[in-house]
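Each chain is listed here by its residues.
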Amino acid sequence: MSDLKISKECSDVFNNIIESRRSVRFFREEMPSKEAIGDIIRAGLLAPYAAQAVDENEYFRKFIVISKNSEKMKEIAEITKNKVKIMSEQLKSQMDKNLYLKEKGESFSKRLELFANKGVLGIGTAPYYIVVAEKKGIPPVEQQSLAHCLQNMWLKATSLDLGFHLVSATAQMGEDKDFCEILGINLGEFGLNGCAVGYPKEIPHKTSRPPVSEVIKWID
Ligand SMILES: Cc1cc2nc3c(=O)[nH]c(=O)nc-3n(C[C@H](O)[C@H](O)[C@H](O)COP(=O)(O)O)c2cc1C
């Protein structure tokens, strides 16, 4: 076991990064360096993974970095927009039949409709769209695992003064033949999620959180 000791200074720096993290959804044109993107991906690799669910002898995570300037980005943007259009229509028809969904799903439905008309935010609107793919396993926990990976990437991006937002629609694309073909992964074999990265146009305000005292319950 290594002798790992984190100093108070390091902990303060870490707090600073956590406090500074934001969902940044609008970016400057300038491209982050490939080195910076590599550093972000390295942070993703260091995230936990479900050892029981994957074959550790065969590496199970892939990172596909698509530049805004690549020809493939246009295709990917079109494919995801069409997929969201279908999801939007399906949700609307389910909402017509289900009162609970109608009441609770209104805001999500509006978001899907916006993406169906204008394209998915983060795909073509940011310098880089990164898809993270994780091999499916038993138990099927690839989405949880991907969330850990993306959170590490998010914090690393923040530490490099880069903006980042999640692109959750990516999770619906693992069964799309054209999308998987562009990514170079086998259809249906991976759970997917994604994010957008670039230099922030502006730093959004901090979203509010309750004080710890309001959410904590001690069972001593
Ligand atoms: C499971 C999950 C999915 C999310 N999906 C998206 C997304 O697709 N696009 C996006 O811009 N933000 C997405 N977010 C980010 C949240 O909207 C954001 O974290 C929240 O509004 C608080 O803002 P903050 O990140 O600036 O603190 C997602 C967050 C979570 C936890």
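One can find the structure itself at the top, above this paragraph.
The shown structure was predicted, so the numbers you read here are calculated from the model rather than taken from an experiment.

Criteria and cut-off values
Residues numbered from 1 in each chain as written. Predicted model: local features only at pLDDT ≥ 70, side-chain atom pairs only at ≥ 80, totals over all residues. Heavy atoms only, no water. Near = heavy atom within 4 Å. Polar contact = N/O pair within 3.5 Å; in protein donor to acceptor, adjacent residues only side chain to side chain. Nonpolar A, V, L, I, M, F, W, Y, C, P; charged D, E, K, R; others polar. Helix = DSSP H or I, 4+ residues; strand = E, 2+ residues; numbered from the N terminus. Buried < 20%, exposed > 50% of the residue type's maximum accessible area, 1.4 Å probe, protein only. Contact = heavy atoms within 4.5 Å. Phe/Tyr/Trp six-rings, centres within 6.5 Å; stacked < 30°, edge-to-face > 60°. Lys NZ or Arg CZ within 6 Å of the ring centre and 35° of its normal. Salt bridge = Lys/Arg side-chain N within 4 Å of Asp/Glu carboxyl O.

Caption draft 1: Structural detail: the site of the ligand. Around the ligand sit Arg21, Arg22, Ser23, Arg25, Arg111, Trp154, His165, Leu166, Val167, Ser168, Thr207 and Arg209, and that is every residue in its neighbourhood. Between the ligand and the protein, one listed contact pairs an oxygen atom with a side-chain N or O atom of Ser23 at 2.7 Å. Grouping the amino acids of the shell around the ligand by side-chain chemistry returns three nonpolar, four polar and five charged.

Caption draft 2: The side chain of Thr80, seen in detail. With respect to the secondary-structure elements, Thr80 resides in helix α3 (residues 71-97). On the basis of relative accessibility, which here comes to 2%, the residue Thr80 falls in the buried class. Leaving out residues up to four positions away in the same chain, Thr80 has contacts with Val120, Ile123, Met173 and Phe179.

Caption draft 3: Here's a closer look at the packing of aromatic side chains. Applying the stated rule across the entire model yields three aromatic pairs. Three or more aromatic residues joined by ring pairs form one cluster here, namely Tyr49, Tyr59 and Phe60. The ring of Trp154 is capped by Arg21, whose NZ or CZ atom sits 4.4 Å from the centre of that ring.

Caption draft 4: Region of the structure containing the pattern of salt bridges. Tallied over the full model, the rule gives 13 salt bridges. Where Lys136 meets Glu175, a salt bridge forms, and the shortest distance between an N and an O atom there is 3.0 Å. Linking Lys136 in the loop between β2 (128-135) and α6 (142-159) with Glu175 in the loop between β3 (163-166) and α7 (177-183), this pair joins segments that are 39 residues apart in sequence. The partly exposed category is assigned to Lys136, whose relative accessible area is 37%. Among the ionic pairs, Lys177 bridges to Glu181, the shortest N-O distance being 3.7 Å. In this pair, Lys177 and Glu181 are both assigned in helix α7, four residues apart and thus about one turn of the helix distant. Lys177 gets classed as exposed once you look at its relative accessible area, which sits at 53%. Note on Glu181: relative accessible area 56%, which makes it exposed. Several salt bridges converge on common partners, so that one network encompasses Glu58, Lys135 and Glu189.

The values reported here are purely geometric and, on their own, carry no functional implication.
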